[in-house]
Amino acid sequence: MTPRGPQETLEHAQTERRHAMVEGQIERRGVHDPDVLSALRTVPRHLFVPTEVEDRAYDDAALPIGFGQTISQPYIVALMTVLAEVTLRSRVLEVGSGSGYQTAILAELADRVYTVERRRELEERARLILAKLGYHNVTTVLGDGSLGLPEQAPFDRIVVTAAAPSPPPPLLEQLAEGGRLVVPIGPAGGDQVLVVVTRTADGWHEVESIPCRFVPLLGESGYRDVEGQEPP
Ligand code: SAM
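Note that the structure is predicted; figures quoted are calculated from it, not measured.

S.K.: Which residues make up the sheet that holds strand β9 (residues 203–212), and what values go with them?
M.R.: Read across the sheet, seven strands follow the order β5-β4-β3-β6-β7-β8-β9 without closing on themselves; strand pairing throughout is mixed. The open sheet is flanked by β5 (138–142) and β9, the only strands paired with a single partner. Between one strand and the next, the sheet's axes are offset by a mean angle of 15°, whatever the strand orientation. When strand β6 (residues 155–160) meets strand β7 (residues 175–185), the two strands line up parallel, connected through four bridges. Paired with Ile158 across the bridge in β7 is Leu181. The strands touched by helix α5 (residues 120–132) are β4 (112–117) and β5; relative to β5, the strand with the most contacts, the crossing angle is about 165°.

Put into structure tokens, the structure is as follows:
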């Protein structure tokens, strides 16, 4: 057997940590969807975080990605993906690209993913890493995702990774019939709950999942004025 070079050894160690993350943090908490688990084993989370926190990429925690924003805890990414019920035919809108990690997980499972980020630097970083990893079914957009992406609507699935005061009306409108919206709802900086909204022929139906904590969704159909948040 040829010995591994230093780069290969490092990649091998990250793969082992990723597999341990899936077993210890995700499966142990009751997520067993094989496609979601496979996506989490595939996407190299350490490439989506700033180098200063790369050694913590597979920890059971949210991590800072700059500009007061975070990459969500792996379990929350897994749970939101399960709740969204993404299939290979899904046309997905993600609001809040952040690091691009949740985008990559969605892109592993969906036909097409549109992701909107309000911070220019984050949108740029997410776009570059997603392209480098070959996610050709992703389009990144700079803008206010609380307004959705009317020119690409309707969407089968919408995943919002920042907390809104209530489900943003433009997102409810842009959800296809039979579609699902997953969105954290609650006060900025306070206790929030993950909500799943389904759209049927009769209208919209909301079900609450687990308590959570997300950074606020800033924008016209989100929070308009949150102290300490810089403009994009
Ligand atoms: N999904 C991300 C990941 O995997 O790294 C985590 C996203 S972070 C918790 C929330 C993101 O939402 C931040 O990057 C923030 O800039 C962005 N955001 C907040 N309000 C937004 C808006 N109206 N439109 C688009 N992005 C927004």
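S.K.: Tell me about the site of the ligand, and please be specific about residues and values.
M.R.: With respect to spatial proximity, 26 residues lie near the ligand, and among them Ser99, Glu117, Asp144, Gly145 and Leu218 are the closest. Within the contact set of the ligand, a nitrogen atom lies 3.3 Å away from a backbone nitrogen or oxygen of Gly96. Compared with its free state, where it exposes 600 Å², the ligand has 99% of that area covered by protein. Put simply, the parts of the chain that give the shell around the ligand at least two residues each are β2 (69–71), α4 (101–109) and β4. Top contributing element to the shell around the ligand by residue count: β2, with three residues. For the shell around the ligand, the class distribution of residues is nine nonpolar, 12 polar and five charged.

S.K.: Go over the packing of helix α1 (residues 6–26) against helix α2 (residues 34–42) with me, naming the residues and quoting the values.
M.R.: Their axes nearest at 8 Å, the elements α1 and α2 cross at an angle of 140°. With respect to α2, the element α1 is oriented oblique. Like other packed secondary-structure pairs, α1 and α2 cross with a definite hand, here right-handed. Residues Arg18, His19, Met21, Val22 and Ile26 of α1 pack against Leu37, Leu40, Arg41 and Thr42 of α2.

S.K.: Could you give me a rundown of α5, with the residues and numbers involved?
M.R.: An ideal rise of 1.5 Å per residue puts 18 Å on 13 residues; α5 measures up with 18 Å between its terminal C-alpha atoms. Within the span of α5, buried status applies to Leu122, Glu123, Ala126, Ile129 and Leu130. Within α5, the buried residues cover an arc of 140° as seen down the axis, which keeps them to one side. The outward face of α5, more than 90 degrees from its buried face, is lined by the exposed residues Arg120, Leu128, Ala131 and Lys132. Of the surrounding secondary structure, the elements contacted by the buried residues of α5 are β1 (63–66), β2, α4, β4 and β5. Count one or two residues on from α5 and you reach Gly134, which has phi positive near 85°.

S.K.: Could you give an account of the environment of Thr103, with specific residues and numbers?
M.R.: Along the chain, Thr103 turns up in helix α4. In this structure, the C-alpha to C-alpha distance between Thr103 and Tyr135, residues 32 residues apart in sequence, is 9.4 Å. Excluding anything up to four places from it in sequence, Thr103 contacts Glu94, Ser97, Val113, Thr115, Leu130 and Val138.

S.K.: Explain the packing of aromatic side chains to me, using residue names and the numbers behind them.
M.R.: Following the criterion strictly, the structure yields two aromatic pairs and no others. Measuring from ring centre to ring centre gives 5.8 Å for Phe48 and Tyr101, while their planes differ by 70°; the resulting arrangement is edge-to-face. Taken together, the positions of Phe48 in the loop between α2 and β1 and Tyr101 in helix α4 put the pair 53 residues apart, joining distant regions of the chain. Comparing Phe48 with Tyr101, the two get one shared label, buried.

S.K.: Any chance you could break down α4 for me, citing the residues and the numbers?
M.R.: Of all nine residues in α4, eight are buried; the element is thus mostly enclosed. Of all the positions in α4, only Tyr101, Gln102, Thr103, Ala104, Ile105, Leu106, Ala107 and Leu109 are classed as buried.

S.K.: Go over the pairing of β6, please, and point to the residues and values.
M.R.: Within β6, five of the six residues are buried, which leaves the element mostly enclosed by the surrounding structure. Bridge count for strand β3 (residues 91–95) against β6 is four bridges, and the pairing is parallel. By the bridge assignment for β6, Val92 is matched with Arg157.

What counts, and where the lines are drawn
- Residues numbered from 1 in each chain as written.
- Predicted model: local features only at pLDDT ≥ 70, side-chain atom pairs only at ≥ 80, totals over all residues.
- Heavy atoms only, no water.
- Pairing = 2+ DSSP bridges.
- Helix = DSSP H or I, 4+ residues; strand = E, 2+ residues; numbered from the N terminus.
- Axes fitted to C-alpha atoms, helices over the stretch in contact; angles between N-to-C directions.
- Contact = heavy atoms within 4.5 Å.
- Near = heavy atom within 4 Å.
- Polar contact = N/O pair within 3.5 Å; in protein donor to acceptor, adjacent residues only side chain to side chain.
- Areas by Shrake-Rupley, 256 points an atom, 1.4 Å probe, with all protein chains shown as cover.
- Nonpolar A, V, L, I, M, F, W, Y, C, P; charged D, E, K, R; others polar.
- Parallel < 35°, antiparallel > 145°, perpendicular 65-115°, else oblique.
- Left-handed = near helix turned anticlockwise from the far one by under 90°.
- Expected span 1.5 Å × (residues − 1).
- Buried < 20%, exposed > 50% of the residue type's maximum accessible area, 1.4 Å probe, protein only.
- Arc of directions from axis to C-beta.
- Phe/Tyr/Trp six-rings, centres within 6.5 Å; stacked < 30°, edge-to-face > 60°.

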